[in-house]
Amino acid sequence: MKLKTRLFSRPAMDGDGVNIRRVADFNRLLLDPFLMVDEIRSDDKSDFIGGFPPHPHRGIETFTYIRKGGFEHRDHMGNVRAIRGGDVQWMSTGSGVIHSEMPLADANDGLHGFQIWLNMPAADKMRPARYVDSTEKPQIRYPNERGASFYPLAGNWQFEGRELDGLIDGVAANGAVADLSLDADGSAGFALGHRGFVGAYIYQGALMGESGQRHEKGEYLVLAPGDIEFIATEAGAGVLLFAGEPIGEKIVHMGPFVMNTEEEIRQTIDDYQAGRFGSLELPK
């Protein structure tokens with residue numbers, strides 16, 4: 001596991017007072033094609049009960065993965081789905097989406113999940129929006145004999161000599177996301193030499209790095225592509241894995257919008273204020 005650089009999650013707040021930890025890079029684009037990872041993790045409802053009321057997006061893809069608890073997704077295209085533990089959803093916002101994600105009323109055991117933002121190539125930013133989720137697909141976790149359990153969420157992965165497809169395909173920039181759980185001192189190997197970008201966000205426990213360095217919960221590791229072995233410490237580890245092909249385009253970011261020029265951002269704001277994104281109201 002050759003480390004190129006690392007980032008650290010920071011406490012933040014979004015939506016209607018939802019407490020999160022965030023890793024984001026909209027300037028240097030060190031995570032290209034990924035832009036941001038938000039982790040929501042709490043057993044206290046006050047940390048997330050406000051949820052994410054209706055809000056817009058343009059020019060990105062959002063990928064949501066729930067490990068515990070759940071959200072109800074609604075969007076202006078008419079999609080209404082309950083996303084629970086183990087489920088993923090992918091929304092390619094393209095020219096514009098208005099959506100909401102509100103905690104499920106029967107999710108009483110806390111919430112743990114992630115929302116990941118991916119950039120979209122300039123040529124695709126104004127295509128029609130798309131929505132897909134995994135709620136009707138089997139959840140398959142692949143173990144090895146060294147204390148690992150691998151759950152492919154999106155894209156294609158080569159794990160321990162096996163080629164595996166995630167729950168969702170077609171993500172921007174050949175994006176791939178997976179959840180790797182390692183027991184104490186467990187390990188797992190991946191063939192990632194063909195990838196332009198490889199990253200790993202540690203959400204639990206710790207990993208061993210080069211020369212015995214420990215990488216702890218909350219670190220986002222940007223790794224050199226290649227054959228990569230992940231090794232947990234005595235604490236075990238939970239790791240969200242990322243792979244994709246860098247887009248390599250300059251972006252302009254303003255709130256929920258990611259475009260390529262200031263002029264496109266001004267047009268996006270005008271389109272939203274003029275109601276060209278559509279509308280969404282939550283049931284009372």
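Residues numbered from 1 in each chain as written. Predicted model: local features only at pLDDT ≥ 70, side-chain atom pairs only at ≥ 80, totals over all residues. Heavy atoms only, no water.

Put simply, the rule reads: UniProt positions are given in the numbering used here, feature names are shortened, and annotations may be inferred rather than shown by experiment.
The name an unreviewed UniProt entry gives the protein is Quercetin 2,3-dioxygenase, with Shewanella khirikhana as the organism. According to the UniProt record, the Sequence similarities (unreviewed entry) comment for the protein is "Belongs to the pirin family."

### Some points on the overall build of the protein
Inclusion rule: Secondary structure is summarised from DSSP: a helix means a run of H or I of at least four residues, a strand means a run of E of at least two, and numbering begins at the N terminus for each. For the radius of gyration, the atoms used are the C-alpha atoms, and the globule rule reads 2.2 Å times the number of residues raised to 0.38. Type-normalised accessible area, obtained with a 1.4 Å probe on protein chains alone, sets the label of each residue: buried when under 20%, exposed when over 50%, and partly exposed for intermediate values. Any two residues whose heavy atoms approach within 4.5 Å at even a single point are treated as in contact. Only four residue types enter the tally: Lys and Arg on the positive side, Asp and Glu on the negative side; His and the chain ends are excluded. In this description, the location of a charge corresponds to atom NZ of lysine, CZ of arginine, CG of aspartate or CD of glutamate.
Across its full length, the protein carries one helix and 24 strands. The globule rule puts the C-alpha radius of gyration for 284 residues at 19 Å, and the 18 Å found for the protein is close to it. Taken along its principal axes, the extent of the C-alpha atoms in the protein is 55 × 40 × 35 Å. Split into buried and exposed, the 284 residues of the protein put 53% on the buried side. The contacts in the protein between residues at least 6 apart in sequence include a share of 71% that link residues at least 24 apart. Both charge centroids of the protein, one from 29 positive and one from 41 negative side chains, sit 2 Å from each other.

### Here we look at the UniProt feature "domain: Pirin C-terminal" (unreviewed entry) in the protein
This chain's UniProt record puts "domain: Pirin C-terminal" (unreviewed entry) on residues 178–278. Regarding residues 178–278, the helix share stands at 12% and the strand share at 53%, and the terminal C-alpha atoms are separated by 33 Å.

### Concerning the side chain of His99
Applied cut-off: Two N or O atoms form a polar contact when they lie within 3.5 Å of each other; inside protein one atom must be a possible hydrogen donor and the other a possible acceptor, and for residues adjacent in sequence the pair counts only when both atoms belong to side chains.
Positionally, His99 belongs in strand β10 (residues 97–103). Separated by 3.3 Å, the side chains of His99 and His57 make a polar contact. Sequence-distant contacts of His99, that is, excluding residues within four places in its chain, are made with Pro53, Pro54, His55, His57, His73, Arg74, Asp75, Met91, Gln115 and Leu280.

### Let's talk about the packing of aromatic side chains
Going by this rule: Stacked, tilted and edge-to-face are the three classes assigned to paired rings of Phe, Tyr and Trp, where Trp is represented by its six-membered ring and a pair needs centres within 6.5 Å; plane angles under 30 degrees give stacked, over 60 edge-to-face, the rest tilted. Whether a charge sits over a ring comes down to the Lys NZ or Arg CZ being within 6 Å of the ring centre and within 35 degrees of the ring normal.
Tallying each qualifying case throughout the model produces 18 aromatic pairs. Considering the side-chain rings of Phe26 and Trp117, the 6.1 Å spacing of their centres and the 80° angle between planes classify their relative orientation as edge-to-face. With Phe26 in the loop between β3 (18–24) and β4 (34–42) and Trp117 in strand β11 (residues 111–119), the pair connects residues that are 91 residues apart, well separated along the chain. As far as the burial class goes, Phe26 and Trp117 line up, both buried. Each ring, one from Phe150 and one from Trp157, has its centre 5.9 Å from the other, and the planes form 75°; the classification is edge-to-face. Residue class for Phe150 comes out buried when judged on its relative accessible area of 0%. Look at Trp157 and you get buried, because its relative accessible area is 1%. One aromatic cluster in this structure is built from Tyr65, Phe114, Tyr151, Tyr201 and Tyr203. The ring of Tyr151 has Arg141 sitting right over it, with the charged end atom 3.9 Å from the ring centre.

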